[in-house]
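Each chain is listed here by its residues.
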Protein chains: 2
Amino acid sequence: MDQYPDTSRRITDAAATSTGDRLDAYVDRYATRTHGMTASEVRSLFSVASRPEVVSLAGGMPNISGLPMDVVGSLLTELVDKRGLTAMQYGSGQGDALLREQICEIMQTAGIHGHPDDVTVTVGSQQALDLVTRIFIDPGDVILAEAPSYVGALSTFRSYQADVVHIEMDDDGLVPDRLREAIQSVTDSGRRIKFLYTIPNYHNPAGVTLPPERRTEILEICQQADVLIIEDDPYGLLGFDTDCPRALRADDDERVIYLGSFSKTFAPGFRVGWTLAPHAVREKLVLAAESSVLCPPAFSQMAVSQYLVGHDWRGQVKAFREMYRERRDAMLEALDDLMPEGTHWTRPTGGFYVWLTLPSGLDAKAMLPRAVTNRVAYVPGTAFYADGFGSRSMRLSYCYPTPERIREGIRRLAQVVEQEMELRAAFGASATSQRPGLDAPAPNQS
Amino acid sequence: MDQYPDTSRRITDAAATSTGDRLDAYVDRYATRTHGMTASEVRSLFSVASRPEVVSLAGGMPNISGLPMDVVGSLLTELVDKRGLTAMQYGSGQGDALLREQICEIMQTAGIHGHPDDVTVTVGSQQALDLVTRIFIDPGDVILAEAPSYVGALSTFRSYQADVVHIEMDDDGLVPDRLREAIQSVTDSGRRIKFLYTIPNYHNPAGVTLPPERRTEILEICQQADVLIIEDDPYGLLGFDTDCPRALRADDDERVIYLGSFSKTFAPGFRVGWTLAPHAVREKLVLAAESSVLCPPAFSQMAVSQYLVGHDWRGQVKAFREMYRERRDAMLEALDDLMPEGTHWTRPTGGFYVWLTLPSGLDAKAMLPRAVTNRVAYVPGTAFYADGFGSRSMRLSYCYPTPERIREGIRRLAQVVEQEMELRAAFGASATSQRPGLDAPAPNQS
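Residues numbered from 1 in each chain as written. Chains lettered and ligands numbered in written order. Predicted model: local features only at pLDDT ≥ 70, side-chain atom pairs only at ≥ 80, totals over all residues. Heavy atoms only, no water.

The name given to chain A in an unreviewed UniProt entry is PLP-dependent aminotransferase family protein, with Phytoactinopolyspora halophila as the source organism. Its UniProt record gives chain A a comment under Cofactor (unreviewed entry), which states: "pyridoxal 5'-phosphate". We quote the UniProt Sequence similarities (unreviewed entry) comment for chain A here in full: "Belongs to the class-I pyridoxal-phosphate-dependent aminotransferase family." (UniProt positions renumbered as here; feature names shortened; annotations may be inferred.)

Chemist: Looking at this structure, how should I read the pairing of strand β9 (residues 272-276) of chain B?
Modeler: Look at any regular strand and the pattern is simple: side chains alternate between the two faces of the sheet. Residue and element names in this part refer to chain B. Burial within β9 is extensive, with five of its five residues counted as buried. The alternating pattern of β9 places Val-272, Trp-274 and Leu-276 and Gly-273 and Thr-275 on opposite faces, both of which are buried. Two strands pair when backbone bridges link them, and strand β2 (residues 119-123) and β9 are joined in this way by five bridges, in the antiparallel orientation. From the neighbouring strand, Val-121 faces β9, where its bridge partner is Trp-274. (Buried < 20%, exposed > 50% of the residue type's maximum accessible area, 1.4 Å probe, protein only. Helix = DSSP H or I, 4+ residues; strand = E, 2+ residues; numbered from the N terminus. Pairing = 2+ DSSP bridges.)

Chemist: Before we go on, may I ask you to explain the interface of chain A and chain B in this structure?
Modeler: Interfaces are often described in size by the accessible area the parts lose on coming together. Facing the 96 residues of chain A at the interface are 97 residues of chain B. Summing both partners gives a buried area of about 8400 Å² for chain A against chain B, and 56% of it is carried by carbon and sulfur. When the buried surface of chain A facing chain B is broken down by residue, Arg-29, Met-88 and Glu-254 of chain A rank first, second and third, together holding 9% of it. Where chain A meets chain B, there are four salt bridges. (Contact = heavy atoms within 4.5 Å. Buried area = accessible area lost by both parts, 1.4 Å probe. Salt bridge = Lys/Arg side-chain N within 4 Å of Asp/Glu carboxyl O.)

Chemist: Sorry if this is basic, but what is going on with the packing of aromatic side chains here?
Modeler: We describe a pair of aromatic rings using the distance from one ring centre to the other and the angle between the two ring planes. Under the definition given, this model contains 33 aromatic pairs over all chains. Ring geometry for Phe-157 of chain A versus Phe-195 of chain A: centroids 6.0 Å apart, planes at 65°, classification edge-to-face. You can see Phe-157 of chain A sitting in helix α5 (residues 151-159) and its partner Phe-195 of chain A sitting in strand β6 (residues 193-198), a full 38 residues away along the chain. Per residue, the accessibility class of Phe-157 of chain A equals that of Phe-195 of chain A, and both read buried. Relative to Tyr-353 of chain B, the ring of Phe-352 of chain B lies with its centre 5.9 Å away and its plane at 65°, an arrangement referred to as edge-to-face. Neither Phe-352 of chain B nor Tyr-353 of chain B differs from the other in exposure class; each is buried. One aromatic cluster is present, formed by Phe-266, Phe-270, Phe-299 and Tyr-307 of chain A together with Phe-266, Phe-270, Phe-299 and Tyr-307 of chain B through successive ring pairs. (Phe/Tyr/Trp six-rings, centres within 6.5 Å; stacked < 30°, edge-to-face > 60°.)

Chemist: Would you mind showing me how to read the relation of the copies chain A and chain B here?
Modeler: Turning one copy of the chain about an axis and sliding it along that axis gives the other copy, so a rotation and a shift relate them. For the pair chain A and chain B, the relating rotation is 180°, the translation along its axis is 0.0 Å, and the fit reaches an RMSD of 0.0 Å. Overall, the copies show the geometry of a two-fold rotation axis. No C-alpha of chain A lies nearer the rotation axis than that of Thr-77 of chain A, which sits 3.2 Å from it. (Least-squares fit on C-alpha atoms with pLDDT ≥ 70 in both.)

Chemist: Looking at this model, I keep getting lost on the domain arrangement of chain A. Mind explaining?
Modeler: Residue and element names in this part refer to chain A. Looking at chain A, the domain boundaries give domain 1 (36-61 + 315-425) and domain 2 (89-311). Between domain 1 and domain 2, a total of about 2500 Å² is buried, with carbon and sulfur atoms accounting for 61% of that surface. For the domain 1 face of the interface with domain 2, the top three residues by lost area are Arg-321, Thr-349 and Phe-384, together amounting to 24%. With a closest N to O distance of 3.9 Å, Asp-241 and Arg-325 form a salt bridge. Taken together, the links from domain 1 to domain 2 amount to ten residue pairs in polar contact (both at pLDDT 80 or more). By residue number, the principal contributor to the side of domain 1 that touches domain 2 is helix α10 (residues 313-338), which donates seven residues. (Domains from an automatic or database assignment. Polar contact = N/O pair within 3.5 Å; in protein donor to acceptor, adjacent residues only side chain to side chain.)

Chemist: What is the right way to read the environment of Pro-348 of chain B from this model?
Modeler: All names here are of chain B. Among the structural elements, Pro-348 can be located in the loop between β10 (344-345) and β11 (353-357). Put simply, Pro-348 and Gly-93 are 255 residues apart on the chain and 37 Å apart in space, counted from C-alpha to C-alpha. Once residues within four sequence positions are removed from consideration, Pro-348 is found in contact with Gly-207, Phe-240, Arg-328, Leu-332, Tyr-353, Val-354 and Tyr-398.

Chemist: Whenever I open this one, the UniProt feature "domain: Aminotransferase class I/classII large" (unreviewed entry) in chain A confuses me. Can you help?
Modeler: Per the UniProt record, the feature "domain: Aminotransferase class I/classII large" (unreviewed entry) sits at residues 86-413 of chain A. For residues 86-413 of chain A, the helix share is 42%, the strand share is 18%, and the end-to-end C-alpha distance is 51 Å.

Chemist: Is there a simple way to explain the nonpolar core in this structure?
Modeler: A general feature of soluble globular proteins is that nonpolar side chains tend to end up buried together. Core analysis: the largest hydrophobic core is formed by 244 residues, its most contacted members being Tyr-197 and Leu-396 of chain A together with Tyr-197 and Leu-396 of chain B. Here Leu-396 of chain A is in contact with Leu-57, Met-331, Leu-335, Phe-352, Tyr-353, Val-354, Leu-356, Tyr-378, Ile-410 and Leu-413 of chain A, once residues within four sequence places are set aside. (Core = buried A, V, L, I, M, F, W, Y, C linked by side-chain atoms within 4.5 Å.)

Chemist: Any chance you could explain the side chain of Arg-255 of chain B here in plain terms?
Modeler: All names here are of chain B. Structurally, Arg-255 is set in the loop between β7 (228-232) and β8 (256-261). Of the polar contacts made by the side chain of Arg-255, one reaches the side chain of Asp-226; its length is 3.2 Å. At 3.3 Å, the side chain of Arg-255 forms a polar contact with the backbone oxygen of Val-227.

Chemist: Mind showing me how you'd approach helix α8 (residues 279-293) of chain A here?
Modeler: Given 3.6 residues to a turn, an α-helix orients residues that are three or four positions apart in the same direction. A rise of 1.5 Å per residue sets the reference length of α8 of chain A, with its 15 residues, at 21 Å; its end C-alpha atoms lie 21 Å apart and thus fit the reference within 8%. For α8 of chain A, a buried count of 13 out of 15 residues is recorded, marking the element as mostly surrounded by other parts of the structure. (Expected span 1.5 Å × (residues − 1).)

Chemist: What am I meant to see in the sheet that holds β11 of chain B here?
Modeler: Strand pairing in a sheet relies on backbone hydrogen bonds. The paired strands run either parallel or antiparallel. All names here are of chain B. One open sheet accounts for four strands, arranged β10-β11-β14-β13; its pairing is antiparallel. In this open sheet, the two strands that pair with only one neighbour each are β10 and β13 (379-380). Note: β13 against strand β14 (residues 393-397), two bridges, orientation antiparallel. Looking at the pairing, Val-379 lines up with Arg-395 of β14.

Chemist: It is not clear to me how the pairing of β2 of chain B should be interpreted in this structure. Could you clarify?
Modeler: By the criterion of burial, β2 of chain B is predominantly enclosed, with five of the five residues buried. Side-chain alternation along β2 of chain B places Val-119, Val-121 and Val-123 of chain B on one buried face and Thr-120 and Thr-122 of chain B on a second face that is also buried.

Chemist: Help me understand helix α11 (residues 364-373) of chain A, please; the structure alone is not making it clear to me.
Modeler: Listed in full, the buried residues belonging to α11 of chain A are Ala-364, Ala-366, Met-367, Leu-368, Ala-371 and Val-372 of chain A. Arg-375 of chain A occupies a position one or two residues after α11 of chain A and carries a positive phi of about 65°.

Chemist: Quick question: what am I supposed to make of the confidence of the model for chain A here?
Modeler: Keep in mind that low pLDDT regions are not for reading the predicted coordinates in detail. Residue and element names in this part refer to chain A. Per-residue confidence for chain A averages 90 on the pLDDT scale, and 89% of its residues sit at or above 70. Every residue in residues 435-446 scores below 50 in pLDDT, and together they form 43 contacts with partners more than four places removed in sequence or on other chains. As scored by the predictor, the complex reaches a pTM of 0.91 and an ipTM of 0.91. (pLDDT = per-residue confidence, 0-100.)

Chemist: Just to check I follow, could you spell out unusual backbone geometry for this structure?
Modeler: Excluding glycine, residues mostly carry a negative phi; peptide bonds, for their part, are mostly trans. Cis geometry marks the peptide bond from Ala-147 of chain A to Pro-148 of chain A; its omega dihedral reads 0°. As for its position among the elements, Pro-148 of chain A is in the loop between β3 (142-147) and α5. Going from Asn-204 of chain B to Pro-205 of chain B, the amide bond is cis rather than trans, its omega being 10°. With respect to the element layout, Pro-205 of chain B can be found in the loop between β6 (193-198) and α7 (212-225). The phi dihedral of Asp-226 of chain A is positive, around 55°, even though this residue is not glycine.

Chemist: Just to check I follow, could you spell out the pattern of salt bridges for this structure?
Modeler: A side chain with one charge can pair with a side chain of the opposite charge if their charged atoms come near. The final tally for this structure, using the stated rule, is 46 salt bridges over all chains. Asp-163 of chain A is the salt-bridge partner of Arg-191 of chain A, the closest N and O atoms lying 2.4 Å from each other. With Arg-191 of chain A in the loop between α6 (176-188) and β6 and Asp-163 of chain A in strand β4 (residues 163-170), this pair connects stretches of sequence that are 28 residues apart. The partly exposed category is assigned to Asp-163 of chain A, whose relative accessible area is 29%. The structure contains a network of salt bridges with shared partners spanning Arg-29 of chain A together with Asp-226, Asp-252 and Arg-255 of chain B.

This is the structure in structure tokens:
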């Protein structure tokens, strides 16, 4: 592709003095926040992991093949037929009123009694993260987040120049004592904590869930220290053993901003998520949303709304849960059977992910090319840390491949780990590690 | 609505000491940028202007009643049936590859030869504005914009704490000499100009269009001064006399970032817009988009793509043009017939808007309540200025009401203007003006 054949109009020759095939003539023009925007490690994997011979345990795409396409098709035809002029027009910046009522009904499953006027519909849960960060974060403000944390949230926090302080987790999620210590330490250093970002249910990427007593304790800690909580809950309805756990927001309607999504319970292609926030915050969120996209797509919202009314969506969620449970079982069984000693992993009770930690001295990022050569892919743990930790760990997704493919993927992965261990035993650390062994602080199960 | 009955958990009692019914307990927590986020004057009008007895010349909603709903319905059924799993799944952050090719084909109408790899699909053109501002603007950076300018752009610029410097227009749009002077003056003051934001075709709100020779001159000025150009072109295909004017981007593929939209040529409810940007900038835009919404809705994009393939969309645009031309004619005829002397207005050759300037001494914002009482609504000119100007002007939209309603609306508006003039003649300026007569610098036609 010969895009810029005419150099006579090339911007600022001075800026074009750097080397490399692809000069960025605009480099001296970008905003400071742009320096933190880099392609994520998850993204650079996509091209490799999508080759058919590779078993990808990397992606987080929900498996929506069980959706009844004929039902969806006729619901959409009905929507265009009966309310097409509204569905294809500009809508409210806050989102469709009927959908906001339906969202409140859904949140009752998590014990939340919210008012539709406090709900803002967003372009997926990612936009909710963006808007919350936009209204609260000045450069240098501190966000507390689990270690590890959701890669998309970290990317948003970075783009607003937030300073992320990670907090250790164990098999039961965020450790309250570590939260106390982190608040104390940040406060002592004179910095401002703007909020705690947490995924209490079936954590991405850690695969752990906060038990009820810890939720109470974490709420109390944040109340005492006057810290807001962003509760991100895309997987709450996808538990394998229990119904949706009680949300933090169910017990505090002033301190907790709750984020939800239809991406995992229906389909991500409509990009419909939401926030439930105290009224004053909700007003700011809507202003930020309007300045960001004017309004979320009316068509998407009304399609979701129509689906919720016209289909047994709870039955469909139940079917999703069964499917994901079977895949989770396949992954855990294969890990139990095949992984060499010294490897540890979490045992998720819902959601999409297992967090695996390699034997001491191994580096998941350095190992990835060898894994891909052996036709299996994962996301290295470093993607889920803002501070360079996580090199000994990886995220394994069981949401998308079939149980057979999952077993085969874990078999290939176990081979690679064993080879790495042999290499390391024979040649020492330099053979397997790119860096001097920064271990993830948590969750390292033994 | 008794939302917060339990005050025991109310955040920071100290912050709750301010008066007012609606305390914002979070006021000391917001980011600095949030202070610039206020409800626009357009928005506060919506509830009033939507009453059926009011002729609203305020809104900018396209009239999509001419769309063939049966065709759209069957195209969507086909989409779900044949490519439902892709349309309802996560997609690329840059946008659907086929749609990006179709966008390049459409842009050829404006003389643009772009490559699909340089296109980023956005959640409406508003998100394109947000992303461009996000990657270029640090607080205090200067954006040059026409006087008046698009209210949604100004809101986005404000949310990134940009400093907007307005440039005078006349009946032929942006005045090149004023642009030269503004660049000189900003540069002399030691501030950094990040870009010129311009709407060359059928300007919102001014209703004017840049002639070809001015486009060349403006490009040359920006090339000499090394200023980037954001060319916002939602209305280019909606000209009444000519086909799409040649874009600035057609003559400079390195300095101009072009923004397009399907909201006016198809339907806004899918929220599909785009940017065409130099490759290095496009890479940053995609990273910013991913951190903002992960990816634009796949369903929306594929719906638009399907419509472009499966329907005579150019014929539909032609029908839209005829409809809007008839409404433009109705408005101009009514203005010519009914408006009192001393009132001036632009004569748009495309798009949705007439910019009307009241006789000297009248204040469009102060007059609005009296206009609404007389059952007609408009947007006061101040909404389209970042600096408090525009009080003598207003934006009149002819896109949505029928020609009959437009004539009736202008009749009612003319009555109100006449009454204001009589009041002013009898009691002086204080009777009609809220402020000491800040007149809009342009476009004030005589």
